[in-house]
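Geometric and topological summary
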Amino acid sequence: MTVIATGTSSSETNGPPPRKKICLSLSGKGRTKPPVTVAEADSTSEMSVTVNRADPNKRRVKRNFTASDGRLRREALTGPLEPGMMLNGFVSDSVNSIAASDDSPGSDVPPVATICNLGNTCFLNSILYTLRFAPHFLHKLHHLVNDLADAAARNNTSKVKSSSLGRSIGLSNKHYWNMEQMRTSNENCTKKRVQTVTEKLHEVYESLHSAELKESTEPFQPEIFLHALREVNPIFEGNQQHDAHELLGCLLNYMRETCQDLSKQLESHQNSELCNGTCSSDDGKKETKGSLLAHVGLSSSTSSISSGKWNVRKSWKRKKPSNESIFKPNRTVKNGSQSSVISNGTLTAQQANSEDPTSSIESATNEPRILVNGEVHEAGEGDSSSKENGSCSLRPLQETDEGDHAEDKTRLNFIEEDFEGVSVLCTRCLECECVTERKETFYEIGVPIASDQDPEKREDCEQISELYRSSIVTEELLLNVNKYWCEHCLRYNEARRSVKYESLPPLLILHLKRFSSTFGSMVCMSKVNDYMPTPLILDCFCDECLEAISKDEDVKHRYQLYGVIMHLGATIASGHYVAYVRAADPISEYRSCDKDKRKTASLVATNATKGSNQPDGEKARGLLRFFSKTKSNNSDTVSSNHLGNPHYRNTCRSLDCCGVRMNKAYQPADSKAHAVNGCGNEEEVEDEGPEPSWLECDDETVRVLTRQQLEDILAPKQSKNSSLTPYLLFYSRIP
Amino acid sequence: MMTHKTSGSSGKKKVQVSYVIRDEIEPRHRSGVNSLQYSPPLDRLYSAGRDGIIRVWTPGNSKEPLGLTMEHHTDWVNDIVLCCGGRNLISASSDTTVKVWNAHKGFCMSTLRTHKDYVKALAYAKDREQVASAGLDRAIFLWDINTLTALTASNNVVTTSSVSGNKDSIYSLAMNPSGTVIVSGSTEKVLRVWDPRTCSKLMKLKGHKDNVKALAVNRDGSQCLSGSSDGTMKLWSLGQQRCMQTFHIHDEGVWALLVNDSFTHVLSGGRDRKIFMTDLRNPDRRVLVCEESEPVLKMISTPDQTGIWVATSASAIKQWSLPKLPTLSESSHPNDYEEAPKPSNTKPEKMIKGGAAIRQFSVLNDKRHIVTKDTENNVAVYDVLKAIKVEDMGPVDYEEEIKKRQKMVYVPNWFNIDLKTGMLTIHLGQDENDCFSAWVSTKEAGLSAGDAADQKVNYGNLVLQALLEHWWRPLANDEEADGQGDSPSAGSNTHTRGGNEYFSVPGHTPVILSEVGGRTLYRLLARDAGGETEGVLLNETVPSWVVDIVMEKTLPVFIKIPFYLLPHGSSGMRTKKDRLIANDFIQVRKVAEHVLEKVLGAGSESGSVAAGPTSAEKEAEDTQELNSLAEEKVELLCNDIMLEPNMDLRTVRHFIWKSSSDLVLHYRPVK
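Residues numbered from 1 in each chain as written. Chains lettered and ligands numbered in written order. Predicted model: local features only at pLDDT ≥ 70, side-chain atom pairs only at ≥ 80, totals over all residues.

Regarding its fold elements, chain A presents 29 helices and 16 strands. Residue pairs at least 24 apart in sequence account for 79% of intrachain contacts in chain A once pairs closer than 6 positions are excluded. (Helix = DSSP H or I, 4+ residues; strand = E, 2+ residues; numbered from the N terminus. Contact = placed C-beta atoms within 7 Å.)

Set out below in structure tokens:
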């Protein structure tokens, strides 16, 4: 099963229901491009590609949709949906479609797929919309979910899982979890609930993607995700309005936990594998990865494949520096070599089939995917410069052997990587002037509303940055009864305490403290409606940048607004959330995807060695061919379609699983090549392109805004009572 | 019989009783020295210690430099000034008081309690005999010394009203001799200047980036020099209300300044431990006078102006000689700046040795003995109960010593320890519950003599009685009682006779009554409690629950511990689960007796043991034989661990049960 990730990639792994897998495998197939040498395409060819692709896409989507639809129905029937949720959750389709159609130009299809309000779930929707447009988020989420599925396949003994469950689930949820464990009897019963949230989140984005493919006007109903969320955190039960900020915090935490668990699993696996792997190498020339793969036949299918994958993972990290030089040849070769891994996978699947009835089911469901991969690979091989294989392919791979755990672990946890910053709490005793420091990590920064700001300052970008800086980087004195116990003076002294930011994350979330709680109860939260400017560009305020500012230099980095969640209403428990997101072209994010590359990289090695020297490898390939021909029905058409597209291969396949696919009708007229649909031209993306438009995502209604319109919305209102106020600000770092 | 106001003048705040374990004479500073003053006519050096003691030295007498100690403050003495031609000394302390002393004889004349927080700085206008005090409460008070010495405080009050509402605790203060300007430095980072004659605000000087910790004003009040935690010194023109020059001489905060009379040269010291002498007109002309071992807190010049006395956060006071002014200009070239300057002195001329401050402590499990380690790595053992040092062990392994002395016994906390003065200050629990939580048997505590019957005593109770032993006692008995440890006299139970029947604390033990976590209300020595004034003040400050214990001899209540007593599974017996309550110091042996007598002896009567082992205990006292009998016949277990008969219930709960829920004991008969 690991092969899925190793071989091709993608979303399919996350969805347990078999029906879904089929459809996903199709999309996966569509994604995999034949390894044609990268030709810089001009805009015309690019256009033609778009046209070309339209057809298969549509077909695929339909299939996809029915599948997921079926799944929905099934879930509704058998799944543990609560009656209350059913009542409130469902909004009739007709209502949705009406809501979805708005004043958008030219068509009644919304610019992006919409999410329907299940009754007070705008807090959820606003977060879903925003995360969807968070730079790199979808892409990384996709790979996380993929890796999860791989790991799950490896650890399909329930014993392993239950042990890890205790670790990850908080005390408060313990009993809840037990109940759930007893209740769930379907195939994902042993999945961690926290992990499920991540997976369901991914499914939401998949569904949105497919809705966009088929230009559906029907809003998506995120009730499965909501349900998964409630399972983990009962606070989201019921139909009350919740704090979007709180939800965001929970979500990020769950995903971080999931990442952590995953890396733990991988680590333990790695450890257990290392000894196996090295001794079983049957060819001295091969490096570890090759040997591990070869080892497949000898040991249990799951573990050996996983180890192979693990090594691969290392390789993409290692490769990074040298990437640029060997970029193209590698890629071509890699695709070509994919077959051997896949062949291994199939092989093991077959073995498992004969041995173990349970795992046979497992492998049976996997087969289509494997076959698709194999098929694609073969197509690739035909075109690619397979002669190069032996020479250049091994170069990056040899670096893999010195894999580095620590680095791996951090890289794995994209939530920590992207959302986590480090704040430093500095306390200086005013008597002895000794400094103690405490570092903490954070996901978001609370910004107090500066009520006494100078209205004139609102104009100047610099001054707004200064306003934020002064609200965030603060200093206080500990005095009177609040003195600081100095360990050096052995007494209570006055002290100066400051909060600074050692590093800020690439994706910075600012939380405007609009709700001041009285007596800590949700009900008593009162809202501060004072205007706080929302800068589109914000100067960084990490230590490094502050230093630069103090030297009158320019800041080292800036932050660009990519999303705002506005809150409308008087209290936290009531009101409405609307998300505004920047509809940037995500295609560059999917370019030169490490995860994709390393898969192919591993294949190079195995192909080079196995394909040529080893009868086993040949055999496997034969098998693969056989399977691919029999099982993958329409994959030929899809892949052939993609054959015509020389650029496609550059982007990670996950773009076609859960990526944002903006309706072309809404593309800004002057950016024809700016299609968000996964076939952007490299050149086009490299130059900045036109200003991306903004989307106003208000549950079932999504509207395209120009930057000017957005600025108008963010501008100070005449009356202080107008309570549509920015609440959560999302920034991404720009150099 | 007694009229005791619960908290007297202190309002509603709780009053806490503390005492210091120390030697009768503490000949050396136990911690850093915050300030110095020199009196030329008498050749006396006054030093304000962080140990709360102002010491008077005769530097000329190298054999016996210590003259007097002025002991009345209970916390760091932050600043002192000599006034009235050396007759009086004013001191400011972190105990929030300002005190007026007779500098010749060393007694405290009056205590000014107007400040509400640490008093950090004093300033003196010699020509007008006026002193200003300021501190962390942001207030500046002006005192007329002639009034002060006549025992009434002046009501001349200037408050640094912060216009912007900034918090600005004052850390430095300076006045010119004629008293025409007063300058304050604070965490506000600005200098504020007033005219003390009219109390009117003159100006605010901005420029420093951090707290201002040292200030000096020239004679006519036209110039001011400031030293800040930002590492710079600034020379200000008060006439032009601007900074004339900024000196970047120190690597870290500047904490002490000494400017010559003509305001041409400045000596500066601070956190970087270096003392520089700088020509104010040409800052490139400077010389590194010396490098101290600890951050510099205060410098004063010797009478002949050829040297300086330096106080640091170490306890020793050193005298360094100053380079002559001509050498200063020769030796310092701007080019030398890059290299690390060499100090003109490497050894001090003179040194007044300091003592070691206690830096670490560990309270042993018996909640009576404390192991300490000081700045010289000497380890010592103290007895909190008797307020004495038990043993000096020298530089042995501190951790090892603690381990060696730790016993498997649990006694509740009844005091806290404070090391801010470098000596052990014991704060008793703030109320009855905290203070009287520790009941122990006299045998275990080693208090009962020989074969005397074992009794339960309360540590807090004993200490309070010993500390206030002389309160309302006839003075004549003082001598006799002092030092007489364990001999209870016949009259010990009468109200006129204080103390406890087991021991006395050393008569020099300072007893401190203070608001919880804050201001000192009253300090006296244990032996002085019999005095008339002292008695009156004690009546005002001692909390009523202490009075009950000391005067009325009321016994504190016992601490009860609930527990369940069940037959052990292996014994095969079945009884109801009974919830019993007993004193927390009850030993397992007594529980065994109870089991033997009530549960096993009386067969099925076990359901009705409501009285619990308390009654069993009393009976047991008469029949000693039963004791050993019970131990042999019944075993008690907790968490399946066999319990020692000597262990008490709270120890069982703490070390074996380890849970906050009710203790469960199992018994089984020994076969």
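Picking up where we left off.
When helices and strands are tallied, chain B shows 13 helices and 44 strands. Counting all 671 residues of chain B, 46% fall into the buried class. Taking the intrachain contacts of chain B between residues at least 6 apart in sequence as the baseline, contacts between residues at least 24 apart amount to 54%. (Buried ≥ 20, exposed ≤ 12 C-beta atoms within 10 Å, placed from the backbone.)

Below, the discussion takes up the UniProt feature "repeat: WD" (unreviewed entry) in chain B. As recorded in UniProt, the sites labelled "repeat: WD" (unreviewed entry) are residues 26-57, 70-111, 112-153, 163-204 and 205-246 of chain B. Secondary structure content for residues 26-57 of chain B is 0% helix and 56% strand, while the C-alpha to C-alpha distance between its ends is 13 Å. (UniProt positions renumbered as here; feature names shortened; annotations may be inferred.)

What follows deals with the sheet that holds strand β40 (residues 560-567) of chain B. All names here are of chain B. Read from one edge to the other, the open sheet built from five strands follows the order β41-β40-β44-β42-β43, with strand pairing classed as mixed. Looking at which strands have only one partner, the edges of the open sheet turn out to be β41 (578-583) and β43 (641-642). Bridging between β40 and strand β44 (residues 663-669) involves five bridges; their strand directions are parallel. Looking at β44, one finds that Leu566 is bridged to His666. (Pairing = 2+ DSSP bridges.)

Another point: the packing of helix α10 (residues 193-213) of chain A against helix α11 (residues 223-232) of chain A. All names here are of chain A. α11 packs onto α10 with a crossing angle of 165 degrees between their chain directions and a minimal axis gap of 9 Å. Taken together, the axes of α10 and α11 are roughly antiparallel relative to one another. For the crossing formed where α10 meets α11, the hand is left-handed. For the pair α10 and α11, the contacting residues are Arg193, Val194, Thr196, Val197, Lys200, Leu201, Glu203 and Val204 in the first and Ile224, Phe225, Ala228, Leu229, Glu231 and Val232 in the second. Here the residues of the contact of α10 with α11 sort into nine nonpolar, one polar and four charged. (Axes fitted to C-alpha atoms, helices over the stretch in contact; angles between N-to-C directions. Parallel < 35°, antiparallel > 145°, perpendicular 65-115°, else oblique. Left-handed = near helix turned anticlockwise from the far one by under 90°. Nonpolar A, V, L, I, M, F, W, Y, C, P; charged D, E, K, R; others polar.)

With that out of the way, let us pick up α11(A). Across the ten residues of α11(A), nine count as buried, placing the element largely inside the fold. Within α11(A), the full set of buried residues consists of Glu223(A), Ile224(A), Phe225(A), Leu226(A), His227(A), Ala228(A), Leu229(A), Glu231(A) and Val232(A).

Now for the confidence of the model for chain A. All names here are of chain A. On average, residues of chain A carry a pLDDT of 60, and 44% of them reach 70 or more. The secondary structure element of chain A with the lowest average pLDDT is helix α1 (residues 3-8), at 34, and the one with the highest is strand β5 (residues 484-486), at 92. Taken together, the stretch residues 158-190 has pLDDT below 50 and engages in 25 contacts with residues farther than four places along the chain or on a different chain. Taken as a whole, residues 277-410 scores under 50 in pLDDT and shows 298 contacts with residues more than four places along the chain or in a different chain. (pLDDT = per-residue confidence, 0-100.)

So, on to helix α6 (residues 122-132) of chain A. Within α6(A), eleven of the eleven residues are buried, leaving the element largely enclosed by the surrounding structure. Taken as a whole, α6(A) has its buried residues at Cys122(A), Phe123(A), Leu124(A), Asn125(A), Ser126(A), Ile127(A), Leu128(A), Tyr129(A), Thr130(A), Leu131(A) and Arg132(A).

Let us look at the pairing of strand β16 (residues 725-734) of chain A. Residues and elements named next belong to chain A. In terms of burial, β16 is a largely internal element, eight of the ten residues being buried. In this structure, strand β8 (residues 507-513) lies alongside β16, joined through five bridges in antiparallel fashion. Bridge assignment links Leu510 to a residue of β16, and that residue is Leu729. The sheet contact formed by strand β12 (residues 558-568) and β16 spans nine bridges and is antiparallel. Bridging across to β16, Tyr559 finds its partner in Arg733.

Before going further, it helps to spend a moment on the pairing of strand β14 (residues 694-698) of chain A. All names here are of chain A. Counted residue by residue, β14 has five buried out of five residues, so it is predominantly covered. Residue alternation in β14 divides its side chains into two sets, Trp694, Glu696 and Asp698 and Leu695 and Cys697, and both sets are buried. Note: strand β13 (residues 576-582) against β14, four bridges, orientation antiparallel. By the bridge assignment for β14, Tyr580 is matched with Glu696. Pairing of β14 with strand β15 (residues 701-705), which is carried by five bridges, proceeds in the antiparallel orientation. Within the sheet, the bridge partner assigned to Leu695 lies in β15 and is Val704. Here β14 folds back onto β15, and the loop between the two strands holds two residues, one of which, Asp699, carries a positive phi near 55 degrees.

Counting residues at the interface gives eleven residues for chain B, matched by eight residues for chain A. In terms of residue class, the side of chain B that touches chain A is built from two nonpolar, five polar and four charged.

On to the sheet that holds strand β19 (residues 223-228) of chain B. Strand pairing within a sheet occurs via backbone hydrogen bonds; the two strands may be parallel or antiparallel. All names here are of chain B. In space, the four strands of this open sheet follow the order β18-β19-β20-β21, with antiparallel pairing throughout. With partners counted over all chains shown, the strands left at the sheet margins are β18 (212-217) and β21 (242-247), one partner each. Averaged over all pairs of adjacent strands, the angle between their axes in this sheet comes to 20 degrees, without regard to strand direction. Judged from the five bridges that link them, strand β20 (residues 233-237) and β21 form a sheet pairing that is antiparallel. Residue pairing across strands places Ser237 opposite Arg242, the latter belonging to β21.

Residue and element names in this part refer to chain A. It is at 10 Å that the axes of helix α7 (residues 137-154) and α10 come closest, and there the two elements cross at 130 degrees. With respect to each other, α7 and α10 are oriented oblique. The hand of the α7/α10 crossing is left-handed. Residues Leu138, Leu141, His142, Leu144, Val145 and Leu148 of α7 form the contact with α10, whose own contacting residues are Gln195, Thr198, Glu199, Leu201, His202 and Tyr205. Its residues assigned to classes, the contact of α7 with α10 shows seven nonpolar, four polar and one charged.

Moving on to the environment of Ile587(A). Residues and elements named next belong to chain A. You can see Ile587 is positioned in helix α23 (residues 587-590). Take Ile587: there are 24 C-beta atoms within 10 Å of it, and that puts it in the buried class. Separated by 451 residues in the primary sequence, Ile587 and His136 have C-alpha atoms spaced 9.7 Å apart.

Residues shown with low pLDDT carry predicted positions that ought not to be read at fine detail. Residue and element names in this part refer to chain B. Put simply, chain B has an average pLDDT of 82, and 83% of its residues get 70 or more. Scored below 50 in pLDDT, residues 329-338 makes eight contacts in the model with residues more than four places away or belonging to other chains. Long-range and interchain partners of residues 603-623, a stretch whose pLDDT sits below 50, account for 30 contacts in this model, where long-range means more than four residues apart.

Our next topic: the nonpolar core. One finds Ile127(A), Ala244(A), Val581(A) and Tyr731(A) to be the most contacted residues of the largest nonpolar core, which totals 97 residues. Excluding anything up to four places from it in sequence, Ile127(A) contacts Ala244(A), Leu247(A), Leu248(A) and Leu251(A). (Core = buried A, V, L, I, M, F, W, Y, C linked by C-beta atoms within 7 Å.)

All names here are of chain B. Of note, Cys84 is a non-glycine position whose phi angle comes to about 55 degrees, a positive value. Structurally, Cys84 can be placed in the loop between β6 (77-83) and β7 (88-93). Residue Cys84 is classed as partly exposed on the basis of its C-beta count, with 15 C-beta atoms lying within 10 Å. One non-glycine residue, Thr96, lies in the positive phi region at around 75 degrees. Topologically, Thr96 is positioned in the loop between β7 and β8 (98-102). Residue classification places Thr96 among the buried positions, given that 24 C-beta atoms sit within 10 Å.

With that settled, the discussion passes to the environment of Ala121(B). Residues and elements named next belong to chain B. In this fold, Ala121 is placed in strand β10 (residues 119-125). Note on Ala121: 25 C-beta atoms within 10 Å, which makes it buried. As for Ala121 and Ser172, which are separated by 51 residues in sequence, their C-alpha atoms are 5.4 Å apart. With residues up to four places along the chain from it excluded, the contact list for Ala121 reads Asp79, Ala92, Ala134, Ile170, Tyr171, Ser172 and Leu173.

This part takes up the environment of Val511(B). All names here are of chain B. By secondary structure assignment, the location of Val511 is in strand β38 (residues 510-515). As a C-alpha pair, Val511 and Leu525 span 14 residues in sequence and 5.7 Å in three-dimensional space. Those residues within four positions of Val511 in sequence are excluded, and the remaining contacts are Val17, Tyr19, Leu467, Leu524 and Ala526.

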